[in-house]
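Structural overview
Here are the chains, one letter per residue:
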Amino acid sequence: MRDIALVAVLFGSLPVILRYPYAGILIWTWISIAVPHMEAWGFSRSIPLNLIIAATTIIAWFASKDRKLPPPHFIYWTFIIFLAWMTFNSFFAFKPSWSWQFWDRSWKTIFLGLFVAAMATNKVRLHALMWVIVISLFYYGVKGGVFTLQTGGHYHVVGPPSSFIEDNNSLALALLMVLPLANYLRLQTRHRWLAIGTLFAMALTVVSVVGSYSRGALLGLVAIAVAGIFRTRHRFLYLALLALVAIPVFNFMPESFHERVQTISDVSTDASFQGRVDAWQVAFYVARDHFPLGVGFYGPQLKEIFNTYLPGVTAHAAHSIYFQVLGEHGFIGLIIYLVLIAGAFVTSARIRKLSRGNPELEWIYQMASMIQISLIAFCVGGAALSLAYYDVFILDVALLMPLLTLARATATAKKKVASGAAASGLIGENPLPA
Amino acid sequence: MNSIWYGLAMVAIFVLVHWFVTNDSLPDGETKGIFAMKLPRAVRPKGRPKFSLRDTE
């Protein structure tokens, strides 16, 4: 039933996409993040829905008057260089047939980000994209929160199969990243009941993050809670709300959860943490021995490589976005990746500076602030998870390009008006005769 | 219950796409409908001014 509904709705949307290419971007983003076909459990899994939507969008975009290139920003060039380096590196992968399939997924994600950067030319488009990201992940966040409450927190919340967010840790990090974006929408939406509904969904998503039993995500949760203190004007209200959600949730969780949390402070005896350290060591040795290249997408976790460095140890995924890129794409790949992250933080700070104190740009200021917190969650939570090329991270970074362009354009226009008024004597002295 | 939630998520996405289609052509900064954004503080319509004794001056 779900399959029929999904396929019918998606194929029915094709004429709309041909008329409005950006509608295709919204649906493409939904399929990439929410992977609805994996939740349909039937024939829709075997249909390349994402490809059909993406191809239709690209055809419509070519034929439309939409902007064809993203703003020529530093982030745009860093994306291009990163993609070029990953592609070049994949030719020298340890097991090319294994690595190319992951390259195939990653280049599409980066291209989606670049399309967004090119086509998100106004407030409505940026706002709509934010909603798509939030709805896509709240589908899992709210469901996971309700599941945790129903089962007393005794079971782990996991994501959809065959997706970036399949395991509990990855899903929890994705949900963490969406919380600040949802908060932006809550602040900006005009309808009070929608804002209240969003706040309620955010609370359930926090329950879902806790119900995932992911320790990395818990650290990320603390990071965004702290970052939020510096980004809010109503600090006492914020802290009170935080306590109102956090204290009951932590008290609600069973003993097994508290035991797991306690292992954060005692990492030396924790097997799971030791597995991560092993994976990080392998990533470093691989990058050192294959300098300047890496061993390709998801190469270091292959038994043949992992056991060359650590014989007899079970092979692990990198369990860190930084070590993942280091092992897969070498030191150069890691440098480009870090430059991309740093560029995103610098750009968001620049947008905030440009739009601060300007009522017309309040939404841009809030969006840049919330994207920054989302990136903080990614950088902190991602330190212990393999989610380096995750869609929401790529979209967060890509959205900063059009946002900066809009902030600059509005700030410049305002300056021109002000300087024009000053030149004509309307500002600074009384223009009226005495 | 799961299927209802799945259906609701799908409906939400298509309401959003419809909202985008109807709002994209509006003048920049103007939004209407379910996902409408707040107006900037500067252009927000203000309520009727409160009575003050100064009004009689």
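Summarised in this report is the structure supplied together with it. (Residues numbered from 1 in each chain as written. Chains lettered and ligands numbered in written order. Predicted model: local features only at pLDDT ≥ 70, side-chain atom pairs only at ≥ 80, totals over all residues. Heavy atoms only, no water.)

Tallying secondary structure elements over chain A gives 16 helices and zero strands in all. In terms of overall size, chain A behaves like a compact globule, its C-alpha atoms giving a radius of gyration of 23 Å where 434 residues would be expected to give roughly 22 Å. Looking at chain A as a whole, 56% of its 434 residues qualify as buried. Across chain A, the fraction of contacts at a sequence separation of at least 24, relative to all contacts at a separation of at least 6, is 80%. (Helix = DSSP H or I, 4+ residues; strand = E, 2+ residues; numbered from the N terminus. Rg over C-alpha atoms; globule rule 2.2 N^0.38 Å. Buried < 20%, exposed > 50% of the residue type's maximum accessible area, 1.4 Å probe, protein only. Contact = heavy atoms within 4.5 Å.)

Before going further, it helps to examine the overall build of chain B. Along the backbone of chain B there are one helix and zero strands. In chain B, buried positions account for 28% of the 57 residues. In the form shown here, chain B has an accessible surface area of approximately 4100 Å², with 63% of it arising from carbon and sulfur atoms. (Areas by Shrake-Rupley, 256 points an atom, 1.4 Å probe, with all protein chains shown as cover.)

We now examine the pattern of salt bridges. Residues and elements named next belong to chain A. A full pass over the atoms with the stated rule returns eight salt bridges over all chains. A salt bridge links Asp-66 to Arg-125; the nearest nitrogen and oxygen atoms lie 2.9 Å apart. On the criterion of sequence distance, the pair formed by Asp-66 in the loop between helix H3 (49–63) and helix H4 (74–90) and Arg-125 in helix H6 (residues 123–150) is long-range, its members being 59 residues apart. Taken individually, Asp-66 and Arg-125 each receive the classification buried, so the pair is uniform in this respect. The partner of Asp-289 in a salt bridge is Arg-288, with the nearest N and O atoms 3.1 Å apart. (Salt bridge = Lys/Arg side-chain N within 4 Å of Asp/Glu carboxyl O.)

With 43 residues of chain A at the contact, the number on the chain B side is 31 residues. For the chain A and chain B pair, buried surface summed over both sides reaches about 3400 Å², with 70% attributable to carbon and sulfur atoms. Of all residues in chain A, Lys-123, Val-124 and Arg-190 of chain A bury the most surface against chain B, accounting for 20% of the area lost on that side. On inspection of chain A and its partner chain B, the count reaches one salt bridge. Asp-24 of chain B is the salt-bridge partner of Arg-125 of chain A, the closest N and O atoms lying 2.8 Å from each other. (Buried area = accessible area lost by both parts, 1.4 Å probe.)

Scanning the entire structure with this criterion turns up 33 aromatic pairs over all chains. Their ring planes at 55 degrees and their centres at 4.9 Å tell us that Trp-131 of chain A and Phe-35 of chain B sit as a pair that is tilted. Taken together, the residues span two chains, with Trp-131 of chain A in helix H6 and Phe-35 of chain B in the segment after helix H1 (2–23). Each member of the pair, Trp-131 of chain A as well as Phe-35 of chain B, is classed as buried. Put simply, the rings of Trp-28, Trp-61, Phe-62, Phe-91, Trp-100, Trp-103, Trp-107, Phe-111 and Phe-115 of chain A touch in pairs and so form one group of aromatic residues. Above the face of the Tyr-6 of chain B ring, Arg-2 of chain A is positioned so that its terminal group lies 4.7 Å from the ring centre. Lys-68 of chain A extends its terminal NZ or CZ atom over the ring of Trp-61 of chain A, reaching a point 5.4 Å from the ring centre. (Phe/Tyr/Trp six-rings, centres within 6.5 Å; stacked < 30°, edge-to-face > 60°. Lys NZ or Arg CZ within 6 Å of the ring centre and 35° of its normal.)

Turning our eyes to something else, we now look at the packing of H6 of chain A against H1 of chain B. Each pair of packed helices gets described by two things: the angle between the helix axes and the distance between those axes. Contact pair H6 of chain A / H1 of chain B: the axes reach a minimum separation of 10 Å and the direction vectors enclose 175 degrees. Between H6 of chain A and H1 of chain B, the interaxial angle falls into the category roughly antiparallel. Where H6 of chain A abuts H1 of chain B, its residues Val-124, Arg-125, His-127, Ala-128, Trp-131, Val-132, Ile-135, Phe-138, Tyr-139, Val-142 and Lys-143 of chain A lie against Asn-2, Trp-5, Tyr-6, Ala-9, Ala-12, Ile-13, Leu-16, Trp-19, Phe-20 and Asn-23 of chain B. (Axes fitted to C-alpha atoms, helices over the stretch in contact; angles between N-to-C directions. Parallel < 35°, antiparallel > 145°, perpendicular 65-115°, else oblique.)

With that settled, consider the environment of Pro-402 of chain A. Residue and element names in this part refer to chain A. By secondary structure assignment, the location of Pro-402 is in helix H16 (residues 391–423). When the C-alpha atoms of Pro-402 and Ala-317 are compared, they prove to be 34 Å apart, with 85 residues separating the residues in sequence. Residues contacting Pro-402, with those up to four places away along its chain left out, are Arg-67, Pro-71, Ala-117, Ala-120 and Leu-126.

Right, let's get into the side chain of Arg-125 of chain A. Residue Arg-125 of chain A is classed as buried on the basis of its relative accessible area, which comes to 9%. Polar contacts involving the side chain of Arg-125 of chain A include one to the side chain of Asp-66 of chain A, which spans 2.9 Å. Residues in contact with Arg-125 of chain A, not counting those within four places in the same chain, are Tyr-22, Asp-66, Met-119 and Ala-120 of chain A together with Phe-20 and Asp-24 of chain B. (Polar contact = N/O pair within 3.5 Å; in protein donor to acceptor, adjacent residues only side chain to side chain.)

Another aspect to go through is the nonpolar core. All names here are of chain A. Counting 142 residues, the largest nonpolar core has Trp-30, Phe-79, Tyr-390, Phe-393 and Leu-403 as the members making the most contacts within it. Here the element with the most residues in this core is H6; it accounts for 15 residues. By size, the runner-up hydrophobic cluster in this structure holds seven residues, among which are Ala-279, Val-286, Val-295 and Ile-305. (Core = buried A, V, L, I, M, F, W, Y, C linked by side-chain atoms within 4.5 Å.)

Turning next to helix H15 (residues 362–381) of chain A. With 20 residues, H15 of chain A should reach 28 Å at 1.5 Å per residue; the first-to-last C-alpha distance of 28 Å fits that figure. Of all 20 residues making up H15 of chain A, 17 are buried, and the element is well covered by its neighbours. (Expected span 1.5 Å × (residues − 1).)

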